[in-house]
Amino acid sequence: MARLSGKFYRRDAVALARALLGQVLVRVGPDGVRLAGRIVETEAYLGVADRAAHSYGGRRTARNAAMWGPAGHAYVYFVYGMHYCMNVVAAGPEDPSAVLLRALEPLAGLERMRLQRAAGRAVVLPDEALCSGPAKLAQALGLDRAFDGADLVHGERLFLERGVRIPPTRIVAAPRIGVDYAGAWAERPLRFYVAGNPHVSRHFSR
DNA sequence: ATGACGATTTACT
DNA sequence: GTAAATCGTCATA
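For the structure given in this document, a descriptive report is provided here.

**Some remarks on the protein's contact with DNA strand B**
- DNA strand B sits among 22 residues. The nearest are His54, Tyr77, His83, Asn87 and Tyr181.
- Each atom of DNA strand B within 4 Å of the protein belongs either to a base or to sugar and phosphate, the latter forming 57%.
- Within the side chain of Asn87, an N or O atom sits 2.6 Å from a base nitrogen of DNA strand B.
- Of all the secondary-structure elements, those providing two or more residues to the surface near DNA strand B are strand E3 (74-79), strand E4 (83-89), strand E5 (98-108) and helix H4 (134-141).
- At three residues, H4 tops the list of elements feeding residues into the surface near DNA strand B.
- Residue composition of the surface near DNA strand B, grouped by class: twelve nonpolar, six polar and four charged.

Below, the structure is given as structure tokens:
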């Protein structure tokens, strides 16, 4: 499978959020195990103007430094005292925009994902519960702050490969999840997902 | 030094 | 539907 090039990432966050649907995220585990999933849900965060973005108002801190860096790198952050979430940095330097990966359709390493998602639970999680949420997919793939700033174009442990093209007619645009504090920005249709895909996160109330 | 707050998930009523 | 879990980060002082 072909690795996505640096050029793929150098576009605005909305275009990247749409283009990422259908592509394959690959994580090579410490023991060489290949964990992979097709991206089926994303959200665009539009830089300093976007009240929902960590870079809103020009905020530039140690935490969100990766957002300000070059496109094609990962921005992994820690929230709620227990979860990690992964973004793909879009555009380029001085335009801190990124795309949050919200859900994957598991393709490889399902048993390892199940193990990493189990976390002391007795029940066996169905495939649809492995990567159907930003923190779920991070946990399934074993992503943490060690991957913050990781180069997805040249890295060996975390990268993206060319998958299938999702026709625009199969892409649904909707308001982003969990950003009600962002006022009018919370209403904008910056969440994108593959229509009817069972691995999309279940959040339809608003 | 302190306190409020999450780009969430899960379990429970 | 509601609430708890849980802590790094950042704004304020």
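**Digging into the pattern of salt bridges**
- Counting across every chain of the model gives nine salt bridges.
- The salt bridge partner of Glu161 is Arg34, with a shortest N-O separation of 2.9 Å. Of this pair, Glu161 sits in strand E6 (residues 158-161) while Arg34 sits in strand E2 (residues 34-45), and the two are 127 residues apart along the sequence.
- Linked through salt bridges whose partners overlap, the residues forming this network are Glu41, Glu43, Arg102 and Arg191.

**Description of the nonpolar core**
- Judged by nonpolar contacts, the single largest core of 66 residues is most densely connected at Tyr9, Leu20 and Met86.
- Among the elements that make up this core, the one with the highest residue count is E5 (six residues).
- Once you skip the residues sitting within four places of it in the chain, Tyr9 turns out to touch Leu4, Leu16, Ala71, Gly72, Val88, Val89, Ala90, Ala91, Leu152, Val153 and Leu160.
- Counting five residues, the second-largest nonpolar core is a separate cluster that includes Val24, Val28, Ala36 and Phe159.

**A word on helix H3 (residues 110-118)**
- Taken together, the buried positions of H3 are occupied by Leu110, Met113, Arg114, Arg117 and Ala118. Looking straight down H3, one finds that the buried residues subtend no more than 135 degrees of arc, so they occupy a single side. Across from the buried face of H3, at angles greater than 90 degrees, the exposed residues are Glu111 and Leu115.
- Once H3 ends, the next one or two residues include Ala119, with phi positive near 45 degrees.

**A look at the pairing of E6**
- The two faces of E6 match: Leu158 and Leu160 on one face and Phe159 and Glu161 on the other face are all buried.
- As paired elements, strand E1 (residues 24-28) and E6 share four bridges and run antiparallel to each other. Its bridge partner lying in E6, Arg27 is registered against Leu158.

**A look at the environment of Arg145**
- Relative to the helices and strands, Arg145 is located in the loop between H4 and E6.
- With a relative accessible area of 35%, Arg145 lands in the partly exposed category.
- Residues Arg145 and Val76, spaced 69 residues apart in sequence, show a C-alpha to C-alpha distance of 5.8 Å.
- Side-chain polar atoms of Arg145 contact the side chain of Asp148, separated by 2.9 Å.

**With respect to the packing of aromatic side chains**
- Here the structure, examined in full by the defined rule, presents three aromatic pairs.
- An angle of 85 degrees between the planes, with centres 5.4 Å apart, marks the rings of Phe8 and Tyr9 as edge-to-face. Residues Phe8 and Tyr9 agree in their burial class; the two are buried.
- The interplanar angle of 35 degrees and the centroid separation of 5.5 Å between the aromatic rings of Tyr75 and Tyr77 together place this pair among those described as tilted.
- The side chain of Arg3 reaches across the aromatic face of Phe159, ending 3.9 Å from its centre.
- Over the aromatic face of Phe8 sits the side chain of Arg11, whose NZ or CZ is 4.6 Å from the ring centroid.

Rules and cut-offs
Residues numbered from 1 in each chain as written. Chains lettered and ligands numbered in written order. Predicted model: local features only at pLDDT ≥ 70, side-chain atom pairs only at ≥ 80, totals over all residues. Heavy atoms only, no water. Near = heavy atom within 4 Å. Polar contact = N/O pair within 3.5 Å; in protein donor to acceptor, adjacent residues only side chain to side chain. Helix = DSSP H or I, 4+ residues; strand = E, 2+ residues; numbered from the N terminus. Nonpolar A, V, L, I, M, F, W, Y, C, P; charged D, E, K, R; others polar. Salt bridge = Lys/Arg side-chain N within 4 Å of Asp/Glu carboxyl O. Core = buried A, V, L, I, M, F, W, Y, C linked by side-chain atoms within 4.5 Å. Buried < 20%, exposed > 50% of the residue type's maximum accessible area, 1.4 Å probe, protein only. Contact = heavy atoms within 4.5 Å. Arc of directions from axis to C-beta. Pairing = 2+ DSSP bridges. Phe/Tyr/Trp six-rings, centres within 6.5 Å; stacked < 30°, edge-to-face > 60°. Lys NZ or Arg CZ within 6 Å of the ring centre and 35° of its normal.

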